[in-house]
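Listed here are the chains, written in short residue letters.
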Amino acid sequence: MALNEYKPQKLYYSIKEVAKMFELNESTLRYWETEFPMLKPKTSGPAKVRQYQEKDIDTIRLIHNLVKVRGFKLAAAKKMINANPDGSERTAEVLSRLIGVRDELQALKKQLDYLQ
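Quick look at the structure, then. These numbers come from a predicted model, not from an experiment.

When you go through the chain residue by residue, the secondary structure sums to 5 helices and 2 strands. Sequence-ordered secondary structure for the chain, helices as α and strands as β, is α-α-β-β-α-α-α. Expressed as a percentage of its 116 residues, the buried residues of the chain come to 26%. Residue pairs at least 24 apart in sequence account for 54% of intrachain contacts in the chain once pairs closer than 6 positions are excluded. Summing over all exposed atoms, the chain offers an accessible surface of approximately 8500 Å²; the carbon and sulfur share of this is 55%.

Now the structure itself:
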């Protein structure tokens, strides 16, 4: 059984969709936009509706990994991203893949337990 690779289905995601992806409040995403200058979603219309692209979601994934998963304070996360942006991204990618592998292994274990 191959790993399910994440494939983007849309060009733009709303703030509500992105917040749901990461189990965050929309206000958290808006706050992160003020704290992390590299996170700048496209805005459209007079209401300035945020439209997140894949690159924005990758940035949020990195910030989420540092702040919510690993427990860094915002200042430490900013410092780590600025000091080693490639290393931070790679770490987040590896962690994401490991979580995916763990989830698949747990699903396989459930299937095996069911067969016994």
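Turning to helix α1 (residues 15–22), a few remarks are in order. Every buried residue of α1 is accounted for by I15, V18, A19 and F22. Down the axis, α1 shows its buried residues gathered within 100° of arc, on one side only. Pointing more than 90 degrees away from the buried face of α1 are the exposed residues K16 and K20. Buried residues in α1 make contact with α2 (26–35), β2 (49–51) and α3 (54–69). Trailing α1 by a residue or two, E23 shows a phi angle of about 55°, which is positive.

This part takes up the packing of α1 against α2. Where α1 meets α2, the axes come as close as 9 Å, and the angle between the chain directions of the two elements is 100°. By the angle class used here, α1 and α2 are roughly perpendicular. Within the contact between the two elements, α1 uses I15, K16, V18 and A19 and α2 uses E26, L29 and R30. Looking at side-chain class alone, the contact of α1 with α2 contains 4 nonpolar, no polar and 3 charged residues.

Further remarks concern the pattern of salt bridges. If the charged atoms of two oppositely charged side chains come close together, the side chains can form a pair. In this structure the tally under the stated criterion is 8 salt bridges. For K10, the salt bridge identified is with E17, shortest N-O distance 2.5 Å. Residue K10 is classed as partly exposed on the basis of its relative accessible area of 36%. In this structure E17 comes out as partly exposed when scored by relative accessible area, which is 31%.

It is worth spelling out the nonpolar core at this point. Counting 20 residues, the largest nonpolar core has V18, L29, W32, F36, Y52 and I60 as its most contacted members. Looking at this core, the element that brings in the most residues is α3, giving 6 residues. Those residues in contact with I60 that sit more than four places away from it in its chain are V18, F22, L29, W32, L39 and Y52.

Right, let's talk about the environment of K68 for a bit. Looking at the element boundaries, K68 is found in helix α3. When the C-alpha positions of K68 and F22 are compared, they lie 9.7 Å apart, and in sequence the two are 46 residues distant.

The geometry of a pair of packed helices is captured by two quantities: the angle between their axes and the separation between those axes. The N-to-C vectors of α3 and helix α4 (residues 74–83) enclose an angle of 130°; their axes lie 9 Å apart at closest approach. One element, α3, and the other, α4, form an angle in the oblique class. Classified by chirality, the crossing of α4 by α3 is right-handed. In contact with L62, I63, L66 and V67 of α3, α4 contributes L74, A77, M80 and I81. Looking at the contact of α3 with α4, its residues break down into 8 nonpolar, no polar and no charged.

Quick notes on the rules
Residues numbered from 1 in each chain as written. Predicted model: local features only at pLDDT ≥ 70, side-chain atom pairs only at ≥ 80, totals over all residues. Heavy atoms only, no water. Helix = DSSP H or I, 4+ residues; strand = E, 2+ residues; numbered from the N terminus. Buried < 20%, exposed > 50% of the residue type's maximum accessible area, 1.4 Å probe, protein only. Contact = heavy atoms within 4.5 Å. Areas by Shrake-Rupley, 256 points an atom, 1.4 Å probe, with all protein chains shown as cover. Arc of directions from axis to C-beta. Axes fitted to C-alpha atoms, helices over the stretch in contact; angles between N-to-C directions. Parallel < 35°, antiparallel > 145°, perpendicular 65-115°, else oblique. Nonpolar A, V, L, I, M, F, W, Y, C, P; charged D, E, K, R; others polar. Salt bridge = Lys/Arg side-chain N within 4 Å of Asp/Glu carboxyl O. Core = buried A, V, L, I, M, F, W, Y, C linked by side-chain atoms within 4.5 Å. Left-handed = near helix turned anticlockwise from the far one by under 90°.

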